[in-house]
Amino acid sequence: MEPLSPADGSLLPPYRILDLAGGPGVFCAKLLADYGADVIKVEPPSGDYGRSKGPFLGDEPHPEKSAYFLYYNTNKKSVTLNLETELGRAIFKRLAATADAVVESFPVDYLKGLGLDYESLSEANPGLVMASVTAFGQDGPWNEYKSSDLIAMAASGYMQITGDPDGPPMRQGNEQSHFPGAQYAAVAILAALYYRDALGGTGQYIDVSQQESLISYYSDAHPAVLWMQREQNVTRVGTNSTLVIPLGAYPCQDGWISAGVITPREWEGLSRWIYEVTGNEEVLNEQYKGGNQERAPHIDIISAMFMDFSMRFTADYLFHEGQKRNLVFLPVNNVADLPEDPQLEASNLWTEIGHPQAGVLKYPLGVFNSDEIAPSAAPAPLLGQHNEAIFCEELGYRKEDLAFLRSAGVI
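In short, a report on the structure. Keep in mind it's a predicted model, so treat the numbers as computed, not measured. (Residues numbered from 1 in each chain as written. Predicted model: local features only at pLDDT ≥ 70, side-chain atom pairs only at ≥ 80, totals over all residues. Heavy atoms only, no water.)

**Describing the environment of Ile17**
Inspection of the secondary structure assignment puts Ile17 in strand 1 (residues 16-20). Take Ile17: its relative accessible area is 1%, and that puts it in the buried class. Setting aside chain neighbours within four positions, we find Ile17 in contact with Leu32, Ala37, Asp38, Val39, Ile40, Ala101 and Val103. (Helix = DSSP H or I, 4+ residues; strand = E, 2+ residues; numbered from the N terminus. Buried < 20%, exposed > 50% of the residue type's maximum accessible area, 1.4 Å probe, protein only. Contact = heavy atoms within 4.5 Å.)

**Topic: helix 12 (residues 299-310)**
In a regular helix each residue adds 1.5 Å, so twelve residues correspond to 16 Å; helix 12 covers 16 Å between its end C-alpha atoms and thus fits that length. Burial in helix 12 covers these residues: Ile302, Ser303, Met305, Phe306, Phe309 and Ser310. An end-on view of helix 12 places all buried positions within 165° of arc, on one side of the element. Tucked inside the fold, the buried residues of helix 12 contact strand 7 (247-252), strand 8 (255-260), helix 10 (264-278), helix 11 (292-295), helix 13 (315-324) and strand 9 (328-331). (Expected span 1.5 Å × (residues − 1). Arc of directions from axis to C-beta.)

**Looking at the sheet that holds strand 8**
The sheet built from three strands is open, its strands ordered 7-8-9 with antiparallel pairing. Only two strands of the sheet have a single neighbouring strand rather than two, namely strand 7 and strand 9. Ignoring which end each strand starts from, the neighbouring axes of this sheet average 25° apart. Bridge analysis of strand 8 against strand 9 gives four bridges, and the strand direction is antiparallel. What sits directly across from Ser258, in strand 9, is Leu330. Across the face of the sheet, helix 12 comes into contact with strand 7, strand 8 and strand 9 while running at roughly 40° to strand 7. (Pairing = 2+ DSSP bridges. Axes fitted to C-alpha atoms, helices over the stretch in contact; angles between N-to-C directions.)

**Points about the packing of helix 1 (residues 26-34) against helix 7 (residues 178-198)**
In the contact formed by helix 1 and helix 7, the axes pass within 7 Å of each other and the chain directions differ by 45°. Between helix 1 and helix 7, the angle is such that the two are oblique. As helix 1 runs across helix 7, the sense of the crossing is right-handed. Facing Phe27, Cys28, Leu31 and Leu32 of helix 1, the residues of helix 7 in contact are Phe179, Ala182, Gln183, Ala185, Ala186, Ile189 and Leu190. Considered class by class, the residues forming the contact of helix 1 with helix 7 number ten nonpolar, one polar and no charged. (Parallel < 35°, antiparallel > 145°, perpendicular 65-115°, else oblique. Left-handed = near helix turned anticlockwise from the far one by under 90°. Nonpolar A, V, L, I, M, F, W, Y, C, P; charged D, E, K, R; others polar.)

Listed below in structure tokens is the structure:
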């Protein structure tokens, strides 16, 4: 297969990616599309499940107004195809015959049962790369178990380190388990395409487990080492830390401030500031000055003194005054703060994209800055928007053929 070159202003060549992924893998193809890949979202005729997932713009359930689908499908094309039909499978094989990669997150062996697994597809396209993102991978005793974000978080051990010390294990907000596996899949696809195009290799099959991916995302806590060396589980500490005292989110007059004190110099500055404001001489006690480990046994009283101090000011005041004193203070942003955040504005995170049904929305596309390269900025596609362009112009079907395929439930 002849290597492709990136188009002007794109980070990636226009690799043809067929996107069959649901929640666990949807972010994979989005990343590739935003950076210049030619991604085709292959949806069932009724539409991808994400189109029915809220919230909906204007609180109107509509396949073109799901905020979830609009975000995860920027810069993609959409074709409808019923893989449960023989003709639908034949059409997909034709698409896969010239594609660079396929991304999927179906249950293990589902595509094999349809004759659309990697072994079958690569017969006609030995250079094809295929990534499967599933809860537990393709092998092992759990490979066929059903999963969800909660189950993925529990199985990975992530919930063991999330939550308050005296509370139950907690999952993180929203569906955070969907990101690590999808990101690993995107990186692996690009590495496999590099191996194929630059090093003369063949295509590859990539097996990504959500459970394994999540484990690698909290390895900084060294849970496995702690258990093997001491037979101790990593404990939950809420927003605090067992290594940095104080560290966490603390209430202030108009919200919350995050703060962390690491060095003796920082503690000296903070304790003097707290004393100036509250007059509490306890904060100047010598037993707190040695370092974080010396302060650790006194975390409760230190937290109480800090809150007595922080609740006297606004988050903005603490932020700027703390910076002047070389202290790491930052407001805890809520969602309403983010579109107006001056740092995000300066770094060009937000990109306005117009959609024919949803209107103009701001999207966080600018995850890197470059003078020559910028993420693509096309809206999520309408359901089946590119059927004619793909099926007729590329595969040679006539418009009347599409009418037949639609009536037969194929597209």
